[in-house]
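Here is how the chains run, residue by residue.
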Amino acid sequence: MAKKKVVLMQGNEACVEGAIAAGMRFYAGYPITPSTEIAEQCAVRLPQVGGKFIQMEDELASIAAVLGASAAGVKAMTATSGPGFSLKQENIGYGAMAEIPCVVVDVQRSGPSTGLPTSPSQGDYMQARWGTHGDHPVIAISPATVREVYDLTIRAFNLSEKYRTPVIFLMDEIVGHMREGVELPNPNDLIINKRKMSYHDGANKQCYAVPEGEYVPAMKPFGQGERYNITGLAHDESGFPTNDNAVAGALYTRLMEKIDHNLDDIVRVQEYMLEDAETAIVCFGGTTRAVMTAVQEARAAGMKVGMFRPVTVWPFPEQKLRSHLSRLKKLLVVEHNYGQMVLEVQRAVAGQTPVEFLGQVNGTVIPPAAILEKLKEMEG
């Protein structure tokens, strides 16, 4: 019987192991710092479990291959960093429109352009939500520890399969290159979602039809007994393009509502010492540990400070944040960029609580001392 085991593991390595545990059997990608270890590990591990690894000629081809593999019924993933994430955006939109599940890992680095290739950054936060054009559904998850990378990679695949959409796994260089002792769960204890399947054979079935009150269509893997059309154009329930405004409007609305109407299932947050806090620090991903240390030091100095951390960074957990505003006097957003999540916090708060910002864009991490200094400045 399989048992739990403790291993020394890098964040990028944990991403691969979590993906394999979730059933990922196809990876297509192109090496780019600081995500390259994911491709290297997939090249080693996937053949060991009967999967396929392929290094594509570029990032555009990588996401296209992943969408093709997933449409054929194989759980698939690609990984990149900021410049490659930009190149993937058009096909992420295609995957959202055609409702093809996959996981896209972005190990963020400092930009724009080539920037600081090996330095920490969280500058792709807004790109994860708005990177591709048009109104489109988005789920993005950001881990803060190596064990979370493993667990949340599995969750990313589960959400992708459940809601039939690409899921962005928004890591950063800090977490991707961090090494920790990790206790991996017993594989028998894992909950792994499978795609909702249709079982009617024949040509031109209503492959994008959903029962009333539901939002996610059931479809067979392409080529397994059912012929249907896959397109990035607005389409009817048979999958064929349409210019009918009512049909197109219903499609776009359903794509958005399958996320918007399932926020309780999708959205996760971490709250730390928030019960009696008067000031909350909002952060995500690689800033989390520095923030938690700063919270502890602030508490030791007599300040009532807590942490609110979106784990699901998109959709932004605005209702969960608003639930604390009646007793919070101040909010501080800490992130490794020039100010991105802070804009979403300000939108959610809508002036009810003052919001301040601490960011850093020089390629180094924000230390707890800098956060504590900012808190004292806010107190004064």
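Note that this is a predicted model, so its numbers are computed, not measured. (Residues numbered from 1 in each chain as written. Predicted model: local features only at pLDDT ≥ 70, side-chain atom pairs only at ≥ 80, totals over all residues. Heavy atoms only, no water.)

With respect to the sheet that holds strand β15 (residues 330–335)
Stage number 1. Strands sit in the order β11-β13-β12-β15-β16 across an open sheet of 5 strands; the sheet is mixed. Both outer strands of the open sheet, β11 (269–272) and β16 (355–359), are each paired with one neighbouring strand and no more. Each strand axis lies, on average, 20 degrees off the axis of its neighbour in the sheet, ignoring direction.
Stage number 2. Summarising the sheet, β15 and β16 pair through 5 bridges and their orientation is parallel. Each residue of the ladder has a partner; that of Glu 335, found in β16, is Gly 359.
Stage number 3. Against the sheet, helix α10 (residues 288–300) contacts β11, β12 (279–282), β13 (305–310) and β15, and its axis sits at roughly 165 degrees relative to β13.
Stage number 4. Running at roughly 155 degrees to β15, helix α12 (residues 341–349) makes contact with β12, β13, β15 and β16 of the sheet. (Pairing = 2+ DSSP bridges. Helix = DSSP H or I, 4+ residues; strand = E, 2+ residues; numbered from the N terminus. Axes fitted to C-alpha atoms, helices over the stretch in contact; angles between N-to-C directions. Contact = heavy atoms within 4.5 Å.)

Regarding the packing of helix α3 (residues 59–71) against helix α4 (residues 82–98)
Stage number 1. At a minimum axis separation of 8 Å, α3 and α4 run at an interaxial angle of 30 degrees. Classed by the angle they form, the pair α3 and α4 counts as roughly parallel. Classified by chirality, the crossing of α4 by α3 is right-handed. Every residue of α4 that contacts α3 at Glu 59, Leu 60, Ser 62, Ile 63, Ala 64 and Leu 67 is listed here: Gly 84, Leu 87, Lys 88, Asn 91, Tyr 94 and Gly 95.
Stage number 2. For the contact of α3 with α4, the per-class residue count stands at 6 nonpolar, 4 polar and 2 charged. (Parallel < 35°, antiparallel > 145°, perpendicular 65-115°, else oblique. Left-handed = near helix turned anticlockwise from the far one by under 90°. Nonpolar A, V, L, I, M, F, W, Y, C, P; charged D, E, K, R; others polar.)

Remarks on the sheet that holds strand β14 (residues 312–314)
Paired through their backbone hydrogen bonds, the strands of a sheet run either parallel or antiparallel.
Stage number 1. The sheet built from 7 strands is open, its strands ordered β3-β2-β4-β5-β7-β6-β14 with mixed pairing. The open sheet has two free edges, formed respectively by β3 (52–55) and β14, since each of these has just one partner strand. Averaged over all pairs of adjacent strands, the angle between their axes in this sheet comes to 25 degrees, without regard to strand direction.
Stage number 2. In this structure, strand β6 (residues 139–141) lies alongside strand β7 (residues 166–172), joined through 3 bridges in parallel fashion.

Overview of the pairing of strand β8 (residues 179–184)
Stage number 1. Burial along β8 is one-sided: Glu 180, Val 182 and Leu 184 are buried, and none of Arg 179, Gly 181 and Glu 183, which face the opposite way, are.
Stage number 2. As paired elements, strand β1 (residues 5–10) and β8 share 6 bridges and run antiparallel to each other. Along β8, the bridge assignment pairs Val 7 with Val 182. (Buried < 20%, exposed > 50% of the residue type's maximum accessible area, 1.4 Å probe, protein only.)

Examining the packing of helix α1 (residues 11–22) against helix α2 (residues 36–48)
Stage number 1. With their axes 8 Å apart at the nearest point, α1 and α2 run at an angle of 40 degrees to one another. The pairing of α1 with α2 is recorded here as oblique in orientation. Classified by chirality, the crossing of α2 by α1 is right-handed. Residue-level contacts link Asn 12, Glu 13, Cys 15, Val 16, Glu 17 and Ile 20 of α1 to Glu 37, Ile 38, Gln 41, Cys 42, Arg 45 and Leu 46 of α2.
Stage number 2. The residue inventory of the contact of α1 with α2, partitioned by class, reads 6 nonpolar, 2 polar and 4 charged.

Side note on the pairing of β12
Stage number 1. Residue alternation in β12 divides its side chains into two sets, Thr 279 and Ile 281 and Ala 280 and Val 282, and both sets are buried.
Stage number 2. With 4 bridges connecting them, β12 and β13 associate as parallel partners. Each bridged residue has a counterpart across the sheet, and for Thr 279 the counterpart in β13 is Val 305.
Stage number 3. Viewed along the sheet, the connection from β12 through α10 into β13 turns out right-handed.
Stage number 4. Summarising the sheet, β12 and β15 pair through 4 bridges and their orientation is parallel. By the bridge assignment, Ile 281 is partnered in β15 with Leu 332. (Right-handed = clockwise from strand over helix to strand, strands pointing away.)

Let's talk about helix α8 (residues 245–260)
Stage number 1. Under the 1.5 Å per step criterion, the end-to-end length of α8 is 22 Å for 16 residues, consistent within 8% with the ideal 22 Å.
Stage number 2. Buried within α8 are the following residues: Ala 248, Leu 251, Arg 254, Leu 255, Lys 258 and Ile 259.
Stage number 3. Its buried side turned inward, α8 meets α4, β6, α6 (146–163) and α9 (263–266).
Stage number 4. At the N-terminal boundary of α8, the capping side chain belongs to Asp 244, with an oxygen 2.9 Å from the backbone nitrogen of Ala 246. (Expected span 1.5 Å × (residues − 1). Polar contact = N/O pair within 3.5 Å; in protein donor to acceptor, adjacent residues only side chain to side chain.)

A closer look at the packing of aromatic side chains
Stage number 1. In the structure shown here, the tally under the stated rule is 4 aromatic pairs.
Stage number 2. An angle of 45 degrees between the planes, with centres 5.3 Å apart, marks the rings of Tyr 125 and Phe 284 as tilted. Taken as a pair, Tyr 125 in helix α5 (residues 125–130) and Phe 284 in the loop between β12 and α10 lie far apart in primary sequence, 159 residues in all. Both residues of the pair, Tyr 125 and Phe 284, belong to the buried class. (Phe/Tyr/Trp six-rings, centres within 6.5 Å; stacked < 30°, edge-to-face > 60°.)

Some words on the environment of Gly 68
Stage number 1. Mapped onto the elements, Gly 68 comes out in helix α3.
Stage number 2. Assessed through its relative accessible area of 43%, Gly 68 is described here as partly exposed.
Stage number 3. Sequence separation between Gly 68 and Ile 100 is 32 residues; the distance between their C-alpha atoms is 8.7 Å.

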